[in-house]
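# Architecture at a glance
Residue strings, one per chain:
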Amino acid sequence: MEWRKEPQRLPKDAPNILIVLLDDVGFGIAETFGGEVRTPTLSKLADQGIRYTSFHTTSICSPTRAALLTGRNHHRVGNGTIAERASDFDGYTGIVPKTSATIAEVLGHYGYKTAAFGKWHNTPANQTTAMGPFDRWPTGHGFQYFYGFMAGETSQYEPRLYENTTPVEPPHHTKYHLTEDMVEKGLTWLKQHQAYSPDKPFFMYWAPGAVHGPHHIFPEWADKYKGKFSDGWDNYRNRVFDRQKKLGILPEGTKLTPRDSTMQSWDSIPNEQREFQSRLMEIYAGFVEHTDAQVGRLIAGMEDLGVRDNTIVFYIWGDNGSSAEGQRGSISELLAQNNIPNTIEQQLTALQNLGGLSALGTAQTDNMYHAGWAWAGSTPFRSTKLVAAHFGGTRNPMVVSWPKGIRPDKTLRNQFHHVNDIAPTLYEVLGIPAPKKVDGFDQDPIDGVSFAYTFADGKAQGRKQTQYFENNGSRGIYHDGWYACAFGPFLPWDTPGSAPRLKTWDAEKDVWELYDLNKDFSQADDLASQFPEKLSELKKLFLKVAKENKALPIGGGLWTRFHPEDVVSSPYRKWNFDANVSRLPEFAAPPFGKRTIRTTMEIEIGENESGVLYALGGSSGGVSLYMDQGKLHYEYNMLLIERTEASTKEKLGPGKHKLDIQETISQPGAPAEVQIQVDGKPAISAKVPRTVPGAFTASETLDVGKDLGAPVSIRYAEKAPYAFGGKILSMVVELP
């Protein structure tokens, strides 16, 4: 019998593809592009390939990833904001439609083997449970293998990991780090690929959680930068700007843009806080260098396997600009996401209780640097991550290297391009037409424009005519060398200060800016008053394109900041749990500690019983009910800076007991009244001064009978997961 031959739909020597996408790192960080953080791998690939200095992202995580993977604009594919802030506006649902197939889905049909490692962040936040549905997971979007996390961030030491759709726990040892783990898993997959399907090309999407907060890195990496940032972010920015000019990264005549008036100067930081602020940047720099080193290990592994020469590598230096979400420097970064006012003094007091500065960068904190460092890391541009109007939020360096297909060239590619251009570029390289139908679904048009024409000619005329930007009401549009934009109501570096701006915001009254990018690389000279007709033309074009791409209403991503009660959550109001429940993501779990809620439990215990009854959240914030030597304990960890603890005066004796836990919260963020009865009698009464309105964490979970991941309470941290020694006979949770 002569078996029918598999159709050959690809060029005979189709390249392997590696896309590396870092997280929350700006234009002015890497030494390769003039920054002060060592990036030998980025530099090596730049020397072996070509560099891009006018490449753009969407200014925020999920939208950039959706645009990258589909080749469409982010609103068109339902990702106008991050998954956790999704709403029911068409462009903001958080659902990538099957009418916009990913690169992995398309290439899989052509015979590619596909795998994704690291951060995903493109599945609806309440669809990440063990019950799925799984069609919106990486494996449902064309990746034949996935190893990573589903949320926007996770601990680097205790990550909430999945292999394909199965929750897995990381090794528990002091030298574990997620980014290193990703390299090992990636190389293992490549070796399996070589063994099982060596005739097939591969597509690997490698997107670490680094260097998104929390900034977790071993002290030996941070210590490499000891004292290097002690003169502050203003001086760092000046030094980097000078270096960028000397290296030729910036076009001649580029100006350094000023610090926003609402952002602190280094000189305004009290002397007693400067060691804290500079250490946060040392940790970030060490985290960045460590991440680049892991990319180097991945590349070296490919070289050892003999696949590097015919692998095209896209090393994208950030899914947006550097992040200002650390506000004024933080040990608990979700304070900003929850819009909870706090002071540095409060943070330093809480840090002291955890061991002082040495606790920064460890699993004990979710530290993130001062927004001033993020602004400096976006040199020479205005603003930071979350600002779509300015390039500090959207312009990210990129290196492309393909030894077999691209001749190394030091000419900087400054053609205006966008992350949605990656997909059509790959399709052109492979000779694949953009598909009209995939798996029975008629396909949306590709929005991106191939930049394959720049591979051989660094000075070629740019081919992308128009690109819009929008995030949180911050918006802009590029067209034929001009750029018009409006900052919007949200200040990423001052979330509490944004509250009054949001209340009075009217998009129709926003002030627009205008820049001639042919002469103004950094958006330094606003020409709105000189060319009002050009500005009017671009504003009209923006509205037209925004409507076509489902970006209306402008600021749709802000909805849950106005209406925290509408945040993505479970549709249920009653749950029946037992000790088999674990790894239930917070956005799909009952809202312990955030809404009025009643829990009744029947347990059976032994003498001096210990262990966790249930815990939601992690070390950076959460709620835990646990036993220790026979006593019942309740703890509310309000994002590290406030802890409320209460316990029974007497031990619970051996045998069966009924617990009734009532948390009463009048509105999101209000104080909580906690009343716990044991066997019908009052046993614990506590008042929580402030509650978390939105989320304790991005990726931690609800666990019954244990506390997996980062432990909520420092009381049992060294004994985690502190499994309950008795029996949980029943657990019923109800909302009023």
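Refer to the structure presented above.
Just so it is clear, the model here is predicted, and its values are computed rather than measured.

Calculation criteria
- Residues numbered from 1 in each chain as written.
- Predicted model: local features only at pLDDT ≥ 70, side-chain atom pairs only at ≥ 80, totals over all residues.
- Heavy atoms only, no water.
- Helix = DSSP H or I, 4+ residues; strand = E, 2+ residues; numbered from the N terminus.
- Rg over C-alpha atoms; globule rule 2.2 N^0.38 Å.
- Buried < 20%, exposed > 50% of the residue type's maximum accessible area, 1.4 Å probe, protein only.
- Contact = heavy atoms within 4.5 Å.
- Areas by Shrake-Rupley, 256 points an atom, 1.4 Å probe, with all protein chains shown as cover.
- Lys, Arg positive; Asp, Glu negative; His and termini not counted.
- Charge placed at Lys NZ, Arg CZ, Asp CG, Glu CD.
- Core = buried A, V, L, I, M, F, W, Y, C linked by side-chain atoms within 4.5 Å.
- Salt bridge = Lys/Arg side-chain N within 4 Å of Asp/Glu carboxyl O.
- Pairing = 2+ DSSP bridges.
- Axes fitted to C-alpha atoms, helices over the stretch in contact; angles between N-to-C directions.

Looking now at the overall build of the protein chain. Helices and strands together make up the secondary structure of the protein chain, namely 15 helices and 29 strands. At 26 Å, the protein chain has a C-alpha radius of gyration in line with the 27 Å of a compact globule built from 736 residues. The buried share of the protein chain, taken over its 736 residues, is 64%. Counted over contacts in the protein chain with a minimum sequence separation of 6, partners at least 24 positions apart contribute 75%. Of the roughly 27000 Å² that the protein chain leaves accessible, carbon and sulfur atoms contribute 50%. On the protein chain, the mean spot of the 78 positive side-chain charges and the mean spot of the 86 negative ones are 3 Å from each other.

Moving on: the environment of Pro445. Turning to its location among the elements, Pro445 is positioned in the loop between β13 (441–442) and β14 (466–471). A C-alpha to C-alpha distance of 9.2 Å links Pro445 and Pro435, two positions 10 residues apart in sequence. When residues no more than four places from it in sequence are discounted, the contact partners of Pro445 are Arg72 and Arg76.

A separate point is the nonpolar core. With 96 residues, the main nonpolar core has Leu18, Ile29, Phe117, Met204, Trp206, Tyr315 and Trp317 as its most contacted residues. With 12 residues, helix α7 (residues 271–304) is the largest single contributor of residues to this core. In this view, Trp206 contacts Leu18, Ile19, Val20, Leu21, Phe117, Thr179, Met182, Val183, Gln294, Val295 and Leu298; residues no more than four positions away in its chain are not counted. Formed by 54 residues, the second largest nonpolar core is a distinct cluster that contains Val567, Val568, Ile641 and Leu659.

Our next topic: helix α12 (residues 422–430). Burial runs high along α12: 7 of the 9 residues are buried. Inspection of α12 places Ile422, Ala423, Pro424, Thr425, Leu426, Tyr427 and Leu430 among the buried residues, and these make up the whole buried set. Downstream of α12 by a residue or two, Gly431 has a phi angle that is positive, lying close to 70°.

Attention now goes to the pattern of salt bridges. Pairing of side chains with opposite charge becomes possible as their charged atoms draw close. Scanning the model with the defined rule gives 38 salt bridges in all. Here Asp409 ties to Arg413 by a salt bridge, and the two come within 2.9 Å at their closest N and O atoms. The class of Arg413 is buried, set by a relative accessible area of 0%. Among the charged side chains, a network of salt bridges with common partners joins Asp23, Arg65, Lys119 and Asp319.

So, on to the sheet that holds strand β15 (residues 474–479). The strand order β14-β15-β16-β17 describes an open sheet built from 4 strands, whose pairing is antiparallel. The sheet terminates laterally at β14 and β17 (512–516), the two strands that pair on one side only. The average undirected angle you get between the axes of adjacent strands in this sheet is 10°. Sheet analysis places strand β16 (residues 482–486) next to β17, joined by 5 bridges and oriented antiparallel. Paired with Cys485 across the strands is Glu513, a residue of β17.

Time to look at unusual backbone geometry. A cis amide bond links Gly213 to the next residue, Pro214, at an omega of -5°. By the element assignment, Pro214 lies in the loop between β8 (202–207) and α5 (219–222). Residue Ala720 is joined to Pro721 through a cis peptide bond whose omega torsion reads 10°. In this structure, Pro721 sits in the loop between β28 (701–704) and β29 (727–734). Residues other than glycine seldom take positive phi values, yet Lys550 does so here, at roughly 65°.

Taken by themselves, the reported measurements are silent on function.
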